[in-house]
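Notes for the structure review
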Amino acid sequence: MSEIVKSDKELVDSYRNGDVTSFNLLVSRHQNQIYSYIMTLVKNKQLADDIFQDTFLKIIQTVKAGKYDDDGRFVPFAMRIAHNLVIDYFRKETRIPMVESTSEDYSFVDNAPVTDPSIEQSMVMEQVYGDLHKMIEYLPMDQREVLRMRIFDDMSFKDIAEVTNVSINTALGRMRYAILNMRKMIAANDMVMSF
């Protein structure tokens, strides 16, 4: 006889009714995805561990306070909490002044060339990607996060908007400003790149 697998909603409901094992199952089901997301943003294992723990403490508080309205989407809910905790952490740091998004009215078209690179091109691209990763660290947190989710995690702008709890236009605007700021860095450092 096969064991019935409970949905996230069922696990949250069981936890609300006092079944701690259900919450442990929920954590083990999604911990890799949530932890990877945090680690992608903070690039520091100790900090990622702390934020991961704080994320689940916040989830527990929210569920116990009766403020969690489950619509069958536990992961975006957990990712939003993790996202907000990362933002809170980075707000305490000072950053280089950059162009900031001030309006949600942006239009952005995602164009990426698709070709099979030669060995030479691959070596050049490896260097370019290394430089890009370094430049990304200088972007404001909200721009850096959208850029990473879009380019490295291959997330749609709809998913990015949901995870970061902003409108799609805001996510698009942040991507636009990230690219503008990176172009400024490229120009300031006499680098040759096109995007």
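Basis of the calculations
Position numbers for residues start from 1 in each chain and track the written sequence from start to end. Per-residue local features are limited, in this predicted model, to residues with pLDDT of at least 70; the limit for side-chain atom pairs, both in listing and counting, is 80 or more; totals at the level of whole chains, interfaces and linings are taken over all residues. With hydrogens and water stripped out, all remaining heavy atoms of the structure feed into the side-chain values. By definition, a salt bridge exists where a carboxyl oxygen of Asp or Glu is found within 4 Å of a side-chain nitrogen of Lys or Arg. In this description a helix means any DSSP run of H or I spanning at least four residues, a strand means any run of E spanning at least two, and both kinds are numbered starting from the N terminus. Per-residue accessibility, obtained with a 1.4 Å probe over protein chains only, is compared with the maximum for each type, and a residue is labelled buried under 20%, exposed over 50%, and partly exposed between these values. One fitted axis covers the seven residues ending at a residue, a second covers the seven starting there, and the bend at that residue is the angle between these axes. Contacts between residues were defined by any pair of non-hydrogen atoms, one from each residue, lying within 4.5 Å. Think of a polar contact as two N or O atoms within 3.5 Å of one another; within protein, one of them needs to be a possible hydrogen donor and the other a possible acceptor, and neighboring residues in sequence only count if both atoms come from side chains. Within this scheme, the nonpolar core is defined by two criteria: the residues are buried Ala, Val, Leu, Ile, Met, Phe, Trp, Tyr or Cys, and they are joined through side-chain atoms within 4.5 Å. The axes are straight lines fitted to the C-alpha atoms, using for helices just the contacting stretch, and the angles between their N-to-C directions are given from 0 to 180°. Should the near helix be turned anticlockwise from the far one by less than a right angle, the crossing is left-handed, and should it be turned clockwise, the crossing is right-handed. The aromatic pairing rule takes the rings of Phe, Tyr and Trp, using the six-membered ring of Trp, and pairs them if the centres are within 6.5 Å, calling planes under 30 degrees apart stacked, those over 60 edge-to-face and the rest tilted. When we speak of the arc, we mean the arc of directions from the helix axis to the C-beta atoms.

Some points on the pattern of salt bridges
Counted according to the given criterion, the structure contains seven salt bridges. Across the salt bridge formed by R29 and D8, the nearest N and O atoms sit 2.7 Å from each other. With a gap of 21 residues between them, R29 in helix α2 (residues 20-42) and D8 in helix α1 (residues 8-16) connect regions that are remote in the sequence. For R29, a relative accessible area of 36% translates into the label partly exposed. A salt bridge links D49 to K45, with the shortest nitrogen-to-oxygen separation between them at 3.1 Å. In this pair, D49 and K45 are both assigned in helix α3 (residues 45-64), four residues apart and thus about one turn of the helix distant. Residue D49 is classed as partly exposed on the basis of its relative accessible area of 31%. One connected set of salt bridges, linked through shared partners, spans K9, D13 and R16.

Notes on α2
Most pronounced at H30, the bend in α2 amounts to some 55°. Among all positions in α2, only S22, F23, L26, V27, H30, I34, Y37, I38, T40, L41 and V42 are buried. Against α1, α3, α4 (74-91), α6 (141-152) and α7 (157-164) lie the buried residues of α2. The N-capping residue of α2, defined by a side-chain oxygen 3.2 Å from the backbone nitrogen of T21, is D19.

Topic: the nonpolar core
Membership of the largest hydrophobic core comes to 50 residues, with the highest contact counts inside it found for I38, V42, I59 and F74. Mapped onto this core, the elements with two or more residues apiece are α1, α2, α3, α4, α5 (119-136), α6, α7 and α8 (168-188). Non-local contacts of F74, meaning those with residues more than four positions away in its chain, are made with D8, V12, L26, H30, F56, I59 and Y68.

Quick look at the packing of α2 against α4
Packing of α2 against α4 leaves a shortest axis separation of 10 Å and a crossing angle of 35°. Between α2 and α4 the crossing geometry is right-handed. On α4, the residues touching L26, H30, Q33, I34, Y37, I38, L41 and V42 of α2 are F74, V75, A78, M79, A82, H83, V86 and F90.

Focus: the packing of aromatic side chains
Two numbers describe a pair of aromatic rings. These are the distance of the centres and the angle of the planes. All chains considered together, the criterion is met by seven aromatic pairs. Ring plane angle 75° and centroid distance 6.1 Å describe the contact between F23 and F56, whose orientation is recorded as edge-to-face. Here F23 is found in helix α2, whereas its partner F56 is found in helix α3, with 33 residues between them in sequence. The exposure class assigned to F23 is buried, which follows from its relative accessible area of 7%. Residue classification places F56 among the buried positions, given a relative accessible area of 6%. With centroids separated by 6.4 Å and ring planes inclined at 75°, the aromatic side chains of Y68 and F74 adopt a geometry described as edge-to-face.

Some thoughts on α7
Those residues of α7 that sit buried are F157, I160, A161, V163 and T164. Burial along α7 is one-sided: seen end-on, the buried residues are contained in an arc of 170°. Looking at the buried side of α7, the elements it contacts are α2, α4, α6 and α8. With its phi angle positive at about 60°, N165 sits one or two positions after the end of α7.

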